[in-house]
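Examination of the molecular architecture
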Amino acid sequence: MHTTLQTATSGDSSEPRTTMRSSILLLMAFGLIVGLIVMMATGDLAASCPEELIGTWNTAAQGYEGNLLVMTKHAVVFSAGGDHLDAQAVRRLEAIPDGHRVLYTLVYGNSRNEEQTLVFLYDSHERTITFKNQSHLIWTRTMVES
């Protein structure tokens, strides 16, 4: 007796969304782990990002499809598609309020020799981030870390 088992595809569109969520959660967890390891290895007390910045950010700007910016309490992770992932410890963070916007200067890097600076505006009404040197890119938080 020969039995053939057929599988049917449901056409459920939630599967790609679930995969994307899983990828983002893994990316956030990886960033957090890297940040903690870097903090312990360097012996420096890392700066802490405020709750309004913590989460996964993306942009709809042309040429940046698939890019993510993930901020955790003590790390920043840049992802340019699936091929590039760069996690760095947040070393210092300065905030200058300007009405409903805040100008942030975030210094990140895994050592003092590798420090880089990211300057951006956070708009509390729109809940967006705009890099000072790339005003055409507007980043929106898509997932908040709990």
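One structure accompanies this document, and this report is about it. Counting restarts for each chain, with residues numbered from 1 along the sequence as it is written. Local features in this predicted model are restricted to residues of pLDDT 70 or higher, and side-chain atom pairs are both shown and tallied only at a pLDDT of 80 or more, whereas totals for entire chains, interfaces and linings draw on every residue. Note that the side-chain values use all heavy atoms of the structure and ignore hydrogens as well as water.

Let's talk about the overall build of the protein chain
- In this description a helix means any DSSP run of H or I spanning at least four residues, a strand means any run of E spanning at least two, and both kinds are numbered starting from the N terminus. Within the protein chain, the secondary structure is distributed over 1 helix and 8 strands.
- The secondary structure elements of the protein chain, listed N-terminal to C-terminal, are α-β-β-β-β-β-β-β-β.
- Here the protein chain holds 146 residues, and the buried ones make up 35% of them.
- Per-residue and other accessible areas were derived by the Shrake-Rupley procedure at a 1.4 Å probe size, with only the shown protein chains allowed to occlude residues. With the model as given, the accessible surface of the protein chain reaches about 9,300 Å², and the carbon-plus-sulfur share is 53%. Type-normalised accessible area, obtained with a 1.4 Å probe on protein chains alone, sets the label of each residue: buried when under 20%, exposed when over 50%, and partly exposed for intermediate values.

Comments concerning the sheet that holds strand S3 (residues 75-80)
- Two strands are said to pair when DSSP picks up at least two bridges between them. Pairing is antiparallel around the closed barrel formed by 8 strands, whose spatial order is S1-S2-S3-S4-S5-S6-S7-S8. With strand direction ignored, the average angle separating the axes of adjacent strands in the sheet is 35°.
- Bridging between strand S1 (residues 55-59) and strand S2 (residues 67-71) involves 3 bridges; their strand directions are antiparallel. Paired with Thr 56 across the bridge in S2 is Val 70. Here, axes are lines fitted to C-alpha atoms. For helices the fit covers the stretch in contact, and angles between N-to-C directions go from 0 to 180 degrees.

Regarding the packing of aromatic side chains
- Two rings from Phe, Tyr or Trp (for Trp, the six-membered ring) form a pair when their centres sit within 6.5 Å of each other. Planes less than 30 degrees apart are called stacked, planes more than 60 degrees apart edge-to-face, and all others tilted. All told, the structure shown has 4 aromatic pairs when counted by the stated rule.
- Residues Trp 57 and Tyr 122 carry aromatic rings whose centres are separated by 6.4 Å and whose planes lie at 90° to one another, so their mutual orientation is edge-to-face. Placement of Trp 57 in strand S1 and of Tyr 122 in strand S6 (residues 116-123) is noted, with a sequence separation of 65 residues between them.
- Overall, Trp 57 belongs to the buried group, its relative accessible area being 0%.
- Residue Tyr 122 is classed as buried on the basis of its relative accessible area, which comes to 4%.

Observations regarding the pairing of S1
- Of all 5 residues making up S1, 4 are buried, and the element is well covered by its neighbours.
- Of the strand pairs in this sheet, S1 and strand S8 (residues 134-143) are connected by 4 bridges, and their pairing is antiparallel. By the bridge assignment, Asn 58 is partnered in S8 with Thr 140.

Brief notes about unusual backbone geometry
- Of note in the backbone geometry, Arg 127 takes a positive phi value of approximately 55° without being a glycine.
- For Arg 127, a relative accessible area of 56% corresponds to the exposed category.

Focus on the nonpolar core
- Judged by nonpolar contacts, the single largest core of 21 residues is most densely connected at Phe 120 and Ile 129.
- Of all elements in the fold, only S2, strand S5 (101-108), S6, strand S7 (128-131) and S8 reach the threshold of two or more residues within this core.
- Of all the elements, S5 adds the most residues to this core, at 4 residues.
- Setting aside its immediate chain neighbours within four residues, Ile 129 contacts Leu 53, Trp 57, Met 71, Phe 120, Leu 121, Tyr 122, Leu 137, Ile 138 and Trp 139. In these notes, a set of buried Ala, Val, Leu, Ile, Met, Phe, Trp, Tyr and Cys residues joined through side-chain atoms within 4.5 Å is what counts as a nonpolar core. A contact between two residues is defined here by any heavy atoms of the two lying within 4.5 Å.

Description of the pattern of salt bridges
- A carboxyl oxygen of Asp or Glu within 4 Å of a side-chain nitrogen of Lys or Arg is what we treat as a salt bridge. According to the stated counting rule, one finds 4 salt bridges in the structure shown.
- Across the pair Glu 115 and Arg 91 runs a salt bridge whose closest N-O atoms are separated by 2.9 Å. Highlighted residues: Glu 115 in the loop between S5 and S6 and Arg 91 in strand S4 (residues 84-98), separated in sequence by 24 residues.
- The class of Glu 115 is partly exposed, set by a relative accessible area of 27%.

Examining the side chain of Gln 88
- Tracing the backbone through its elements, the reader meets Gln 88 in strand S4.
- Among the residues examined, Gln 88 registers a relative accessible area of 9% and is labelled buried.
- By the criterion applied in these results, polar contacts are pairs of N or O atoms within 3.5 Å in which, for protein atoms, one can donate a hydrogen and the other can accept it, and in which residues neighboring in sequence qualify only through two side-chain atoms. There is a polar contact of 3.2 Å between the side chain of Gln 88 and the backbone nitrogen of Asn 110.
- Ignoring anything within four residues of it in the chain, the contact list for Gln 88 reads His 74, Ala 75, Val 76, Tyr 108, Gly 109 and Asn 110.

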